[in-house]
Structure formats: structure tokens, C-alpha cells
Amino acid sequence: MYGLEAIQAHNGWAVAVVGITIVFTGLVVLSLIISQLHKVLDFISNPNKFEVFRPANVEPADKKDEPVEEVPSFTGAQMETARQYRMLARTLEDEFLLPKLLNLAVISGVDKPHANLGLLVRAGVITPDGQGFFQWNQDAFDRIIS
Amino acid sequence: MDALFLEFFQNTGFYLCDYRYIIMIIIGCIFIYLGIAKHYEPLLLVPIGFGMLVGNIPIFKGLGLGIYESNSVLHYLYFGVTQGIYPPLIFLGIGAMTDFSTLLARPVLMLLGAAAQAGIFITFIGALALGFAPNEASAIGIIGGADGPTAIFLTAKLAPRLIGPIAVAAYSYMALVPVIQPPIMKLLTSREERLIRMEEPREVSKKEKVIFPIVAFLLCCFLAPAALPLLGMLCFGNLLKEAVVTERLAVAARNAIIDTATILLGLTVGASTQGDVFLTGSSVRIFVLGACSFAIATACGLLFAKLMNLFLKTKINPLLGAAGVSAVPDSARVVQHVGQQEDPTNFLLMHAMAPNVSGVIGSAIAAGVLWSLMA
């Protein structure tokens, strides 16, 4: 049996629609949950930040009381990768393009080059200059390694 | 003495050989060449290519050498494929390697991974139309998920006799991502769209990263329990990585375990492509359908990204849709490459990893759905 007749006979249209629907439902619900996850965690760690849950006589926390932005923690392996990145960055100009550094890291076989590069950017070890180039922040690097 | 020589000669590969073995040996050599010289998925193509050489040495049946002979060493190794053991081990390693940060930072990109899975179901319909049985059509459709272990896992469960052609097709197309995807991406997007820059993702906390694999596992497996072997191992591997305290286990999963499973899977899948059982009309149709599946999956991801842009305030680069197929990380690299052809300072790789890893989850769910509907 071939063609539309075969699709019809094996309930093909229904299977396809049900399949796509389930995959979409699963990923949509998952994306909704994870989009709210950081808010839930934020609420659990600091319920006073939310208007509804703040006691009437408590003033809203001012900027000084807000938690300092969390600096990502580095595992031993990530510190080692950061050292490798430092060596690679030294081979470039003071201001460099991120893809160039990433490419060097990939060629050099650095472990998880994309993820670790992202970690360094988030930790402020590699900082953007606002014009498409990036710089190596030695102070931030020293703080993390020490 | 002449009779002894003659008897020996009649058991050699030279005597038993026919054109099908030669064709498969040439294909095996091409795989090895593509892996070593062109760097197309070398970790997969080299074991599969060499496995093809192993499987296509013409042998005297009954000596217990061939992969389809029940008392052979290769047959025992092949057990991990036919029983779906190796794919979950590979997923464990993938989980231990994958960083879900970009996905957690911008969950809406997960929808691109879902959209690309439409290719699986469209190809399923195409395979039915070409006369395949529903369970075989399901196994063929999953090639569009661009996820070799998932394709092998589902085929082992639904259509074991097609493991060889489907595995070879799936891995061939995964290796050819840099060749197949760019023309489709350029055809379906304008230059202006390819120039769109993605906004910087927000910071993702460690807690979120630890909680994500647990939530993802529970939700997806409650929805599609048949995805349990694959998603369970993927999420477990990721939890080992993110928990930090289990770093030793994570290192084992992403190095020794995944490497061992890949070697055994690649070699035995390659060896299962014996010319006399592999070179059939259905294998050719599987290859054609596999290519269509891959192209449709890419197109669905791209078109869905364009559709999302109609509703989003901050536009996303539609090239990211092509990364919805789960060939990790090759399709994300292709997105980066095509994006940088238009603007060398546009850095899309990290953003493309979000739909890429959600494609892995999506294709595992799709495999689970098809398995539960067909089993």
C-alpha cells in the first residue's frame, strides 16, 4: 500500500499531529517553568523584595541592601581552563575579538571552550569595551584564581 | 595437497567476495576519509567506517565470525545496540558535557528545538506513503532529529532490521550538517534577518542549573515515559556536572563512559552494514527520506523562528532555528558560521546552543512518543 491510502490506513495524520503536539506541549511547559524558576528562587531567598509579601511597616529595601551580584564559582578544572585562556589571550592584542579567542581555544583543545569562555565573560574576567572588542581583566582573574 | 589449497582458497575473502562487499568497503573508506581528512564528525565516522570494513570482509558462514552469527564476539558487542544499551550511556556523557545556561537564560529559544522536531513527524508521513510499515516509518522519521543515539535507540526498539541503514544515514547526515544546512538557511532568511544581533543573556545562578535537570526529567518523563532511558541518563549526567560535588563521576561520564560507548556503538553499527543485508532498495529509500527529514527539520526551525519574530518585542536571529535539530554542537557552529559570513562581529554560538540542546530533549521526547504509539 502506498501514498495517501497508506497514510490513511495506518492513521498517519493522527499520529503525526499527536506527536508534534506532545513534543511542543512538553517543551512549552518546560520553558514556562524554567522562565519562572529564577523568580521563584529569588523569592525563596528574599521574600521581602516582593511587594505583596512585604510587611506593611517595613520600608522597601534600598539599593545598598540588595545582594551583591553573584560571581560564578570556579571548579578546579574551570580554573585550569581560565589559566589556559589567559595564555591564549596574551597571544592577542590588548583588545581582541571574542570569536578569535574562542577559535584559538578550540584549536588548542581547551576543555568546553564555549561554556568556559561564557563563564569568564560572566565572571568579568573578559570584559566588553562597548565597541565589539573585549579585554582581559587581570584583577578579576587574580581574584578568582586566588 | 592441491585439494587442501583449493579448500583453503574457497574460504578466503577473495573467493567469497562479491560486488556488494566491495561497494560497502569503498563506502567505509569514504567515511574514514571524511572523518580524518575533512574532520566531519571524526569520533563517529572513523569507528563506523572501520566497522564497515570489519563487517564486509567476506567470511565463511558458520565460523562464528560475522556480526549476525549468534556465537561471534561481534554479535555480543552488537547486543548493546540491539538492546538499546549504548545510546543511554552516550546520553549520560552528553548530559555531563552540556551547559544549559543559555537555555535557562532565554527559555523561549526552547520552542525552536520543538519546532525542528516537526521534521520527524512529516518524514514519518512520507515514509508511510512510500510503503514502509508504521514502526519502520517511525524509525526513519527520527533521522530528522539529527541525533544518532536516539535514532539507534528507537530503531532497535521498533525496527531492528533497519538499524544499519538508519544509523549510517543518521550519522552521515549529522556529519554533513555543514554541507546540508547553510543553503537552506540562506534560502529561507533575508540578509537583514541574518544580521540580527541577540541580546546578552542574563546571568544564570548555580541553583537554577542544579534544579533544571531534575525538573526537566520529571516533567518530560511524566509526559512521555518512554523517553525515560534517554532523558533519564541525559538529565542524570547533567546533574552530575552541575552538582560539582560529583565532579569525579561527571568526568567519568563525559570521558571514559561516552568514549567507550561511542567506540563500541560506532564499530558494531558499521559492522552491521554487511553488503548482502545492507544494499537493498529500502536502504536507498531510507537515505532519501533521511535527507528530506533533515532538510525539513532545519526548515521548520527557521520558519518557526521567523514566526516568533512576528510576536516578539526583541527579535531573535532566525538562523538560530536551524540549531533546533539536535546535532550538538555542529548545527550551532553552522549558525555561528553563517551569521559571521554576514557580520563577523555577530556572535551567535552561545545563543544557538539553547535551541541545540532543547533539540536533544525534543528528539528524545519524540522518540518516546513514537515508541509508545507504535510498540
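Residues numbered from 1 in each chain as written. Chains lettered and ligands numbered in written order. Predicted model: local features only at pLDDT ≥ 70, side-chain atom pairs only at ≥ 80, totals over all residues.

### Section: the overall build of chain B
Assigned secondary structure in chain B consists of 21 helices and zero strands. In terms of overall dimensions, chain B is globule-like: its C-alpha atoms have a radius of gyration of 21 Å, near the 21 Å expected for 375 residues. For the C-alpha atoms alone, the extent of chain B along its principal axes is close to 85 × 45 × 40 Å. For chain B, the proportion of its 375 residues judged to be buried stands at 59%. (Helix = DSSP H or I, 4+ residues; strand = E, 2+ residues; numbered from the N terminus. Rg over C-alpha atoms; globule rule 2.2 N^0.38 Å. Buried ≥ 20, exposed ≤ 12 C-beta atoms within 10 Å, placed from the backbone.)

### Some details on the overall build of chain A
For chain A, the count of helices and strands is six helices and three strands. Going residue by residue from the N terminus, the α and β elements of chain A occur as α-α-α-β-α-α-β-β-α. A burial count over chain A gives 26% of its 146 residues as buried.

### Things to note about the interface of chain A and chain B
With 40 residues of chain A in contact, the opposing surface of chain B contributes 49 residues. Among the elements of the structure, α1 (3-9), α2 (12-45), α4 (98-108) and α5 (113-122) of chain A are those that each provide at least two residues to the side of chain A that touches chain B. The element best represented in the side of chain A that touches chain B is α2(A), accounting for 21 residues. Considering only residue class, the side of chain A that touches chain B consists of 23 nonpolar, 14 polar and three charged. (Contact = placed C-beta atoms within 7 Å. Nonpolar A, V, L, I, M, F, W, Y, C, P; charged D, E, K, R; others polar.)

### Focus: the sheet that holds strand β1 (residues 95-96) of chain A
Hydrogen bonds along the backbone pair up the strands of a sheet, which may run parallel or antiparallel. Residue and element names in this part refer to chain A. What the three strands build is an open sheet, ordered β1-β3-β2; its pairing is antiparallel. Whereas interior strands pair on both sides, the edge strands pair on one side only; in this sheet they are β1 and β2 (126-128). Relative to strand β3 (residues 134-136), β2 runs antiparallel, the two sharing three bridges. Within the sheet, the bridge partner assigned to Ile126 lies in β3 and is Trp136. (Pairing = 2+ DSSP bridges.)

### Focus: the domain arrangement of chain A
Under the domain assignment, chain A is made up of domain 1 (3-53) and domain 2 (76-145). Between domain 1 of chain A and domain 2 of chain A, the C-alpha centre-to-centre distance is 35 Å. (Domains from an automatic or database assignment.)

### Here we look at the environment of Thr298(B)
Residues and elements named next belong to chain B. As for its position among the elements, Thr298 is in helix α19 (residues 281-309). As for Thr298 and Gly51, which are separated by 247 residues in sequence, their C-alpha atoms are 29 Å apart. For Thr298, the contacting residues outside a window of four places in its chain are Gln181, Ile184, Ala322 and Val325.

### Considerations on the confidence of the model for chain B
Of all residues in chain B, 100% have pLDDT values of 70 or greater, and the mean over the chain is 89. With pTM at 0.75, the complex prediction returns an ipTM value of 0.84. (pLDDT = per-residue confidence, 0-100.)

### Concerning the nonpolar core
Core analysis: the largest hydrophobic core is formed by 148 residues, its most contacted members being Ile166(B), Cys220(B), Ala227(B), Leu231(B), Leu320(B), Val335(B) and Ala367(B). The dominant element in this core, judged by the number of residues it contributes, is helix α21 (residues 349-374) of chain B, at 16 residues. With residues up to four places along the chain from it excluded, the contact list for Ala367(B) reads Ile142(B), Thr150(B), Phe153(B), Leu154(B), Ala227(B) and Leu230(B). Membership of the second largest hydrophobic core comes to 18 residues, among which are Leu88(A), Ala115(A), Leu119(A) and Ile126(A). (Core = buried A, V, L, I, M, F, W, Y, C linked by C-beta atoms within 7 Å.)

### Section: the environment of Pro165(B)
Residue and element names in this part refer to chain B. Tracing the sequence through the fold places Pro165 in helix α12 (residues 163-175). Residues Pro165 and Ile140, spaced 25 residues apart in sequence, show a C-alpha to C-alpha distance of 9.4 Å. The residues contacting Pro165, other than those within four sequence positions of it, are Phe278, Ser283 and Ile286.

### Some thoughts on unusual backbone geometry
If a residue is not glycine, its phi is most likely negative; likewise, a peptide bond is most likely trans. Residue and element names in this part refer to chain A. Backbone geometry at Asn11 places phi at a positive 60°, although glycine is not the residue there. Assignment of secondary structure puts Asn11 in the loop between α1 and α2. At Lys112, a residue that is not glycine, the phi angle is positive and equals roughly 45°. Along the chain, Lys112 turns up in the loop between α4 and α5.

### Some details on the packing of helix α13 (residues 177-188) of chain B against α19(B)
Residues and elements named next belong to chain B. Where α13 contacts α19, the axes come no closer than 10 Å and their chain directions differ by 35°. Judged by the twist between their axes, the crossing of α13 over α19 is right-handed. The residues of α19 that touch α13, namely those facing Ile180, Gln181, Ile184, Met185 and Leu188, are Phe294, Ala295, Thr298, Ala299, Leu302 and Leu303. Across the contact of α13 with α19, the residue classes break down as nine nonpolar, two polar and no charged. (Axes fitted to C-alpha atoms, helices over the stretch in contact; angles between N-to-C directions. Left-handed = near helix turned anticlockwise from the far one by under 90°.)

### Looking at helix α5 (residues 73-82) of chain B
Residue and element names in this part refer to chain B. Those residues of α5 not exposed but buried are Leu74, Tyr78 and Val81. Down the axis of α5, the buried set is contained in an arc of 30°. They therefore lie on one face. More than 90 degrees from the buried face of α5, the exposed residues found are Val73 and Tyr76. On its buried face, α5 sits against α6 (86-97), α11 (148-158), α12 and α17 (247-271). Following α5 by one or two positions, Gly84 has its phi on the positive side, about 70°. (Arc of directions from axis to C-beta.)

### What to know about the confidence of the model for chain A
Detailed reading of the predicted model is not advised wherever pLDDT is low. In this model, chain A carries an average pLDDT of 82, and 84% of its residues clear a pLDDT of 70 or more. Element-level mean pLDDT values for chain A span from 82 in helix α6 (residues 138-145) of chain A up to 90 in α2(A).

### Some points on the packing of helix α10 (residues 134-141) of chain B against α11(B)
Residue and element names in this part refer to chain B. The geometry of α10 relative to α11 is characterised by a closest axis approach of 9 Å and an angle of 175° between their N-to-C directions. Classified by the interaxial angle, the pair formed by α10 and α11 is roughly antiparallel. For the pair α10 and α11, the contacting residues are Asn135, Ser138 and Ala139 in the first and Leu154, Thr155 and Leu158 in the second. Residue composition of the contact of α10 with α11, grouped by class: three nonpolar, three polar and no charged. (Parallel < 35°, antiparallel > 145°, perpendicular 65-115°, else oblique.)

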